[in-house]
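For reference, the chains in residue letters:
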Amino acid sequence: MDFRTRRNDLCWCGSGKKFKHCHGSSNDDSTNDLRPHQEQAVSIAFDLLTDGKRKVLLKLDTGTGKTSIMVELTERLFKSGIIHKALILTDNRMTADQIAANLYKSASYLVTGVLDAPGENQIAVLTYSKLRAQATADSVQKFDLIICNEAQYTKNEKIEHFFQNSPSMFVGIISSDLDKKQIPGWLRGVPLAFCYSTVDSIKDGYPAFLMQPQAYGQAVEGFCSRLLQQHGYDVITEPKLSTDTKFIYPDLLVSFDKQRIIMEIKAYRGRYTSKNVIDNAVTQILKYKSVLEYSELSKTTQGFIYCLILFCEIDHQQKEQLFDQYGITIWDIANLLYVCGNNSEFSKELSELLYFPISDIVPEKPYGWMPQRLSLASQISEPSTQSIVESLEEQLRACKVGKEKKAAAEYECICTEIIRFLFDGEFTQSSSQHKTGDDLFRMDLLCGIKGSSVFWELLIRHYNTRFVVFEYKNYSTCLPQNLIYITEKYLFDAALRNVAIIVSRKGFSKNARNAALGCLKESGKLVIDLTDEDLILMLHKKIDGEESSDYLLWKLENLLMAVSK
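Notes on the structure follow. As the structure is a prediction and not an experimental result, all values here were calculated from the model.

### Thoughts on the pairing of strand β7 (residues 145-149)
- Burial within β7 is extensive, with five of its five residues counted as buried.
- Residues Leu145, Ile147 and Asn149 of β7 are buried on one face, and the alternating residues Ile146 and Cys148, pointing to the opposite face, are buried as well.
- Bridge count for β7 against strand β8 (residues 169-174) is five bridges, and the pairing is parallel. Opposite Asn149, over in β8, you have Ile173 as the bridge partner.
- Handedness of the β-α-β unit built from β7, helix α7 (residues 157-164) and β8 comes out right-handed.

### Digging into helix α16 (residues 407-422)
- For α16, with 16 residues, the first-to-last C-alpha span of 22 Å sits near the 22 Å given by 1.5 Å per residue.
- Those residues of α16 that sit buried are Ala407, Tyr411, Ile414, Cys415, Thr416, Glu417, Ile418, Ile419, Arg420, Phe421 and Leu422.

### Observations concerning the packing of α16 against helix α20 (residues 532-543)
- Interaxial distance between α16 and α20 falls to 10 Å at its minimum, and their mutual angle equals 35°. Remark: the crossing between α16 and α20 carries left-handed chirality. Between α16 and α20, the residues in contact are Tyr411, Cys415, Ile418, Ile419, Phe421 and Leu422 and Asp532, Leu535, Met538, Leu539 and Lys542, respectively.
- Class assignment of the residues belonging to the contact of α16 with α20 gives a composition of nine nonpolar, no polar and two charged.

### With respect to the sheet that holds strand β5 (residues 110-112)
- One open sheet accounts for seven strands, arranged β5-β6-β4-β7-β8-β3-β9; its pairing is parallel. Whereas interior strands pair on both sides, the edge strands pair on one side only; in this sheet they are β5 and β9 (192-196). Ignoring strand direction, the axes of neighbouring strands in this sheet form an average angle of 15°.
- Strand direction decides the pairing type here: strand β4 (residues 85-90) and β7, joined by four bridges, are parallel. Along β7, the bridge assignment pairs Ala86 with Leu145.
- Contacts from helix α3 (residues 66-79) reach β3 (55-60), β4, β6 (122-127), β7 and β8, with the element oriented near 175° to β7.

### Structural notes on the pairing of strand β21 (residues 526-531)
- The buried fraction of β21 is high, at six of six residues.
- Taking every second residue as pointing to the same face, both faces of β21 are buried, with Leu526, Ile528 and Leu530 on one and Val527, Asp529 and Thr531 on the other.
- Looking at chain direction, strand β20 (residues 497-504) and β21 are connected through six bridges and run parallel. Note on β21: the bridge partner recorded for Val499 is Leu526.
- Remark: the β20/helix α19 (residues 510-523)/β21 crossover connection has right-handed handedness.

### A few points about the nonpolar core
- Core analysis: the largest hydrophobic core is formed by 42 residues, its most contacted members being Phe427, Trp456, Leu459, Val468, Phe470, Leu526 and Leu535.
- For this core, the leading source of residues is α16, giving seven residues.
- With residues near it in sequence (within four places) discarded, Leu535 still touches Leu396, Cys415, Ile418, Ile419, Leu422, Val503 and Leu530.
- One finds Ala45, Val56, Leu145 and Ala193 within the second-largest nonpolar core, a separate group that totals 35 residues.

### Remarks on α3
- Look at α3: 20 Å from first C-alpha to last across 14 residues, which is about the 20 Å you get at 1.5 Å a residue.
- For α3, the tally of buried residues reaches 12 of 14 residues, placing the bulk of the element in the interior.
- Taken together, the buried positions of α3 are Lys66, Thr67, Ile69, Met70, Val71, Glu72, Leu73, Thr74, Glu75, Arg76, Leu77 and Phe78.
- Positive phi appears at Gly81, one or two residues downstream of α3, with a value of about 75°.

### A closer look at the packing of helix α10 (residues 275-292) against helix α12 (residues 316-326)
- Orientation of α10 relative to α12, taken along the N-to-C sense of each, is 25°, at an axis distance of 13 Å. Put simply, α10 runs roughly parallel to α12. At the point where α10 passes α12, the crossing takes the right-handed sense. Here α10 contributes Lys275, Ile278, Val282, Leu286 and Lys289 to the contact with α12, which in turn contributes Gln318, Leu322 and Tyr326.

### A few points about the packing of aromatic side chains
- What the rule picks out here adds up to 17 aromatic pairs.
- Taking the centre distance of 4.9 Å and the plane angle of 55° together, the rings of Phe163 and Phe170 count as tilted. Accessibility classification places Phe163 together with Phe170 in one group, the buried group.
- Three or more aromatic residues joined by ring pairs make a cluster, and in this case those are Phe423, Phe427, Phe455, Trp456 and Phe470.
- Over the ring of Trp186 we find Lys55; its NZ or CZ atom is 3.8 Å from the centre of that ring.
- Directly above the aromatic system of Phe421 lies the positively charged group of Lys542, at a separation of 5.2 Å from the ring centroid.

Reading the values: the criteria
Residues numbered from 1 in each chain as written. Predicted model: local features only at pLDDT ≥ 70, side-chain atom pairs only at ≥ 80, totals over all residues. Heavy atoms only, no water. Buried < 20%, exposed > 50% of the residue type's maximum accessible area, 1.4 Å probe, protein only. Helix = DSSP H or I, 4+ residues; strand = E, 2+ residues; numbered from the N terminus. Pairing = 2+ DSSP bridges. Right-handed = clockwise from strand over helix to strand, strands pointing away. Expected span 1.5 Å × (residues − 1). Axes fitted to C-alpha atoms, helices over the stretch in contact; angles between N-to-C directions. Left-handed = near helix turned anticlockwise from the far one by under 90°. Contact = heavy atoms within 4.5 Å. Nonpolar A, V, L, I, M, F, W, Y, C, P; charged D, E, K, R; others polar. Core = buried A, V, L, I, M, F, W, Y, C linked by side-chain atoms within 4.5 Å. Parallel < 35°, antiparallel > 145°, perpendicular 65-115°, else oblique. Phe/Tyr/Trp six-rings, centres within 6.5 Å; stacked < 30°, edge-to-face > 60°. Lys NZ or Arg CZ within 6 Å of the ring centre and 35° of its normal.

Purely geometric stuff here, so don't read any function into it on its own.
Printed below as a string of structure tokens:
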């Protein structure tokens, strides 16, 4: 069975519950450019609204495609004849402009930034502040649909007054980092119809590119939580423990049988961090220990175990000293790799969360506390490398050439899966269909590179790049030179983005090769070509235990040897 399709048939709710992939009745009009979770969010909201629900609430983190979901849902409702006028609200002008820019791509609707007398097939995109300044109750009531991005901003007396007598349908969107005390205003009391967080995005193979610190912290905590659950432990995230004198808020409260473990997690961008930073992290968990050790809460149980998880590498002797002196277990990256054991999915996710290579780190048994059942097998049988390679090769060969029946989108999807499989652990974060901030360029795949192997290290050191652009061209003939110049525009020295790899069926034409050499000589921009046969060859090298990127190094060396003055 195709493992890629099997994964895409399911999406993860933030609660850990799987939803079956479902479709609204208007899916035939879908752009089909949506990721599985985006399609599911749109379909669920569409079905609820068409079934008569007046309010729908979605929980979606930044970076999971909220704009795509809002635009697609609005268009499906228009195309189905359910709505004729829509209002989309958001918290800032930049986001409003982004939503409007996506809506402009459809010629079917008039997109405006004002409320005055909305006509048929019209969408108004406003900020909440502009709504408060311009709106009247009558003007708001003219819309069939109101989408409230960052719905907590509807917690305003004036806005709620505008909505009070409106016959509109409402869709609210909030993020998982919303403080629990921030009731989502007009959508209060509405049950969540769909949840999808940054953690879910990473788990599904779509890590949010350049995550905000808070979202990155949530992703790290989510990983640790699931890892411990795999070993049979109950995990409470964001626990609130009441002692005799105060409340404490550790990152995780872990329990198994009569054991209770207080966990604090610290994530860092670098492989090593200073002693002062580690000392501060130790001090924080020592404060928890000092409060809990003599509390009634501790006396009614068998006490607590204290564990500090550090997403960096520290000296084993230091871990021993901290445990012997304070009774605190320290897990660093080597210990986390040991706890991951033979579960390749967790090892892979750990690698993707980190901004530095870990291929040379030897798993190390934790000193102090560790899970009792480290030999627990993965809940699902993992496909072998050979079976994955055979599946990917079969999909690549079966994909039709050209744009008919969405073959280009299928080719892009297959190639992205192959790239991520071949260079597992080489990328810090990756973003499919990545747009620049000005919305001028859209790259098929943009990846941050760690420099784990010789090829990627060479790119960082000699081409001053921290990112590599992948472009896919499903052409039946060799690529013309104009595509080289188009791709070159994506490369920008100040953004540390100086290398592109173009994957196509037949590779470069002679003129395209000359254009790539010209880009290298004139501006130092490196453009490499890969064909289907190159991908298949690297896949088979993966089976044989060879380094896939060594083939890219060979390709680069041949290119450089062809360069003249």
